[in-house]
Amino acid sequence: MPMRLEASGPHCLLRRSALALLLALASPGLWAQDSERSDWLRNPAMGNYKAYAEFKMAHYAAAREVWETLAGIGNGDALFNLGILAEDGLGEPKNMPRAEALYVSAAQAGNFKARYRLGMLYSAGALLARDVEKARLYLTLAAEGGDKEALATLAALEQPAGSRSRFQQAEWLGASGRHAEAADLYRELADAGDRQAQTRLAWMHEAGRGVDRDLPEAARRFEIAAVAGEAEAQYALAVMLRTGRGRERDAAQSRLWLGRAAAQDHPAATAALRAESSRDPVAR
């Protein structure tokens, strides 16, 4: 049935904004990759999309430029991603105090990934000093934002290590800097059909964390998880298809997966749709 844009209400607004975003992404001249600083400030969702694409291509300086611009206006996604660069030493020396400060700022800006990451880091007590109260605080904030894994981790926070699920064990290893061991566990779970572990392992191949950096392998695993319905993987796959990194460029498939991620309220995709609904002149 054709989409009826003349109706009113929030669902129709979402459909209108989705259409606007897809039309913008379909036009190479208007795509985020062609944007500049003034565009990112008017439309942070566009900036974050561009930076993530640069990150996938290992253009860490270019990604940092965008994220630092957006961090200057308190954008939580940008602050969190700058923390990732500092923690992993991507394009810069590893710096955990800087990463911690960036994660805290991102968490204060409402970023649920930063809240979960801080909760895990304070819980593991390897890369940052163990602090159960801080771990509980940030995991609670993440859980209140709808993060189911944060809720499960919170319940097991002070339980013996042997009581953790296999996925929680992998998360704890990652938060302890033991990435190769974490990757082995994620692989075991992914090969058994765990779509969240599949996405985690894809991220590791994307950044070279505990495994060789391998974009085709990252894309393969993102696609498996995306088909299984994982919104994070759907968004990641959409960016890969748009940049042609890890997958051959396919704008139509990119738009399809972006729309599916947005339909599941994926924060980055939803932010892009919300930005488009304001009829930003950059995206028209």
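Residues numbered from 1 in each chain as written. Predicted model: local features only at pLDDT ≥ 70, side-chain atom pairs only at ≥ 80, totals over all residues. Heavy atoms only, no water.

Attention now goes to the overall build of the protein chain. Across its full length, the protein chain carries 16 helices and 0 strands. Counting every position in the protein chain, which comprises 284 residues, the buried fraction comes to 50%. Across the protein chain, the fraction of contacts at a sequence separation of at least 24, relative to all contacts at a separation of at least 6, is 50%. Roughly 13,000 Å² of accessible area belongs to the protein chain as shown, and the carbon and sulfur atoms make up 53% of that amount. (Helix = DSSP H or I, 4+ residues; strand = E, 2+ residues; numbered from the N terminus. Buried < 20%, exposed > 50% of the residue type's maximum accessible area, 1.4 Å probe, protein only. Contact = heavy atoms within 4.5 Å. Areas by Shrake-Rupley, 256 points an atom, 1.4 Å probe, with all protein chains shown as cover.)

For the structure shown, the criterion picks out 18 salt bridges. With a closest N to O distance of 2.7 Å, E133 and R136 form a salt bridge. Of the two residues, E133 and R136 are both situated in helix α8 (residues 132–144); the distance of 3 residues between them amounts to about one turn of the helix. For R136, a relative accessible area of 26% translates into the label partly exposed. In this structure, the salt-bridge partner of E188 is R166, at a minimum N-O distance of 2.9 Å. Linking E188 in helix α11 (residues 179–191) with R166 in helix α10 (residues 166–175), this pair joins segments that are 22 residues apart in sequence. For E188, a relative accessible area of 42% corresponds to the partly exposed category. Residues joined by salt bridges that share partners form a network here, namely D191, E217, R220 and R221. (Salt bridge = Lys/Arg side-chain N within 4 Å of Asp/Glu carboxyl O.)

The next point concerns unusual backbone geometry. The backbone of A58 sits at a positive phi, close to 65°, despite the residue not being glycine. Its place among the elements puts A58 in the loop between α3 (44–56) and α4 (60–71). For A58, a relative accessible area of 28% puts it in the partly exposed group. A positive phi angle, close to 65°, is found at D265, a residue other than glycine. Locating D265 in the fold gives a position in the loop between α15 (251–263) and α16 (267–277).

Taking 1.5 Å as the rise per residue, α15 with 13 residues should run 18 Å; its terminal C-alpha atoms sit 18 Å apart, in good agreement. Within α15 the residues assigned to the buried category are S254, W257, L258, A261 and A262. Buried residues of α15 fall within an arc of 140° about the axis and therefore sit on the same side. For α15, the capping residue at the N-terminal end is D250, with a side-chain oxygen 3.3 Å from the backbone nitrogen of A252. (Expected span 1.5 Å × (residues − 1). Arc of directions from axis to C-beta. Polar contact = N/O pair within 3.5 Å; in protein donor to acceptor, adjacent residues only side chain to side chain.)

This part covers the packing of helix α12 (residues 195–207) against helix α13 (residues 215–227). Where α12 meets α13, the closest approach of the two axes is 8 Å, and the angle between their N-to-C directions is 160°. Put simply, α12 runs roughly antiparallel to α13. Two packed elements cross with a definite hand, and for α12 against α13 that hand is left-handed. Facing R195, Q198, T199, L201, A202, W203, H205 and E206 of α12, the residues of α13 in contact are L215, E217, A218, R221, F222, I224 and A225. The residue makeup of the contact of α12 with α13, split by class, is 8 nonpolar, 3 polar and 4 charged. (Axes fitted to C-alpha atoms, helices over the stretch in contact; angles between N-to-C directions. Parallel < 35°, antiparallel > 145°, perpendicular 65-115°, else oblique. Left-handed = near helix turned anticlockwise from the far one by under 90°. Nonpolar A, V, L, I, M, F, W, Y, C, P; charged D, E, K, R; others polar.)

Another aspect to go through is the nonpolar core. Membership of the largest hydrophobic core comes to 64 residues, with the highest contact counts inside it found for Y52, F55, W67, L85, Y103, F222 and Y235. Looking at which element gives the most residues to this core, the answer is helix α14 (residues 231–243), with 8 residues. In this structure, F55 is in contact with Y60, A63, W67, L85, L90, E206, A207 and R213, ignoring residues within four places of it in sequence. Residues A183, A197, L201 and M204 belong to the second largest nonpolar core, which totals 12 residues. (Core = buried A, V, L, I, M, F, W, Y, C linked by side-chain atoms within 4.5 Å.)

Now for the packing of aromatic side chains. Taken as a whole, this structure holds 8 aromatic pairs when the rule is applied. Measuring from ring centre to ring centre gives 5.6 Å for F55 and Y60, while their planes differ by 65°; the resulting arrangement is edge-to-face. Side by side, F55 and Y60 carry an identical accessibility label, which is buried. With 5.6 Å between their ring centres and 35° between their planes, F80 and Y103 make a pair best called tilted. Note that F80 is positioned in helix α5 (residues 76–88) and Y103 in helix α6 (residues 96–108), a separation of 23 residues in sequence. Of the two residues, F80 and Y103, both sit in the buried class. Grouping aromatic residues by their ring pairs yields a cluster made of Y49, Y52, F55, Y60, W67 and Y235. One cation-aromatic arrangement involves R260 over W257; the distance from NZ or CZ to the ring centre is 4.7 Å. (Phe/Tyr/Trp six-rings, centres within 6.5 Å; stacked < 30°, edge-to-face > 60°. Lys NZ or Arg CZ within 6 Å of the ring centre and 35° of its normal.)

Keep in mind these values describe shape, not function.
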